[in-house]
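Coordinate analysis (summary)
Single-letter residue listing:
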Amino acid sequence: MRSRHAAFPLFAVLSWGVMFPVLASALTRVDALNLTTARYVLATAVLLALLLARDGWAALRTGGRGVELALLGVLGFAGFNVLTNLALGHAAPQQIALFVATTPLVTQLVRWARDGVRPRPALLGLSLVALVGVGLVITRGRLDGLGQFGVGGLLMIGAVLGWAVYTHGASRFPEHSPLRYTTLTAVAGTLAMLVASAVADLTGLQHAPAAADLVAVAPQLAYAVLVAAVLAVLAWNTGVRRLGAADAALFMNVVPVTTFVVQTLRGYRPGPVELAGAVLTIAALVAANLAARTRQPAPAPVRRAVHSVRIRRGGGAARA
């Protein structure tokens, strides 16, 4: 049953891994912040339409928890994307990807801090193993220099922490469907990105894209909106609901590996170290999924039957 639930976060991370090569050409026409803002404006419109068609206007009510939902949306959508884009100006893409792979560890630490749930040693250990595998893939085994980028590293720590808090926050809204949680938080995150883009445009840090530029990157935007933003985020929050934040976060290690595979299909030839890293990451994720399996409690009639058998056995022993 858990293997079926794992399909949701797996679809999400595969979609996000493919997204980076897809958007690479778009960034030559539109700057990263404006491209991300345009992406989430469109994605949020789609999410709102889906939510209203399914549940009506009542689904937009926050139940007195609007501030918490807004903060989660700003951290998860605006925080992660804006900080990641800024970090790319200070660090190499492979260094940024390595930080994304720390999400499982950070999510478990967030859960420990907020809920007092100590991470299982097996999951922590396997997360570290998967992280080593990702590091081999994206650095080709050359780890020298990874620590020599102060500003970019600090920005990515904030980005990953924001996504980890957002992922954990989904479990705090069990009364919200994944569609409702995704939509309400996306609205807040998109508004924050609109404000950030407006400020950057007005201050000259970037320039608003021309209509011709947006038309030119329409195919990339279509994928980024419909697949990577709408379907993938819905699948991610569904996976978090069914597997738990800590277990779902393990799949984030697949993002940089997927990007590596896409680049290979486009003609890039990986070395032995990179292939070994990919195998190590996949093996660690499979092991983590097996370690996360828990025995489901037996139905009540079965428990009562077992309890009765134990009583009868206990009574027979006493009479003997």
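Throughout what follows, the structure given in this document is the object of discussion. In this text the structure is predicted, and so the values were computed from the model without any measurement. (Residues numbered from 1 in each chain as written. Predicted model: local features only at pLDDT ≥ 70, side-chain atom pairs only at ≥ 80, totals over all residues. Heavy atoms only, no water.)

Let us look at the side chain of R39. As for its placement among the helices and strands, R39 is situated in helix 3 (residues 32-55). Lacking a salt bridge, the buried R39 has D31 as its closest oppositely charged neighbour, with an N-O distance of 13 Å. Only 3.2 Å separates the side chain of R39 from the backbone oxygen of A224, close enough to count as a polar contact. The residues touching R39, leaving out its near neighbours within four places in the chain, are M19, N81, L221, A224, V225, A228 and A229. (Helix = DSSP H or I, 4+ residues; strand = E, 2+ residues; numbered from the N terminus. Buried < 20%, exposed > 50% of the residue type's maximum accessible area, 1.4 Å probe, protein only. Lys, Arg positive; Asp, Glu negative; His and termini not counted. Salt bridge = Lys/Arg side-chain N within 4 Å of Asp/Glu carboxyl O. Polar contact = N/O pair within 3.5 Å; in protein donor to acceptor, adjacent residues only side chain to side chain. Contact = heavy atoms within 4.5 Å.)

Enumeration over the complete set of coordinates arrives at 9 aromatic pairs. Aromatic side chains W16 and W236 sit 5.6 Å apart centroid to centroid with 50° between the ring planes, which places their arrangement in the tilted category. Taken together, the residues W16 in helix 2 (residues 7-24) and W236 in helix 11 (residues 218-243) connect sequence positions 220 residues apart. Residue classification places W236 among the buried positions, given a relative accessible area of 0%. Look at F173 and Y181: their rings are 5.8 Å apart centre to centre, the planes differ by 40°, and that puts the pair in the tilted class. Here F173 falls in the buried class, since its relative accessible area comes to 0%. Given the relative accessible area of 1%, Y181 is considered buried. Three or more aromatic residues joined by ring pairs make a cluster, and in this case those are W16, Y40, F77, F80, W163, Y166, F173, Y181 and W236. The cationic tip of R65 hangs over the ring face of F173; the distance from NZ or CZ to the ring centre is 3.8 Å. (Phe/Tyr/Trp six-rings, centres within 6.5 Å; stacked < 30°, edge-to-face > 60°. Lys NZ or Arg CZ within 6 Å of the ring centre and 35° of its normal.)

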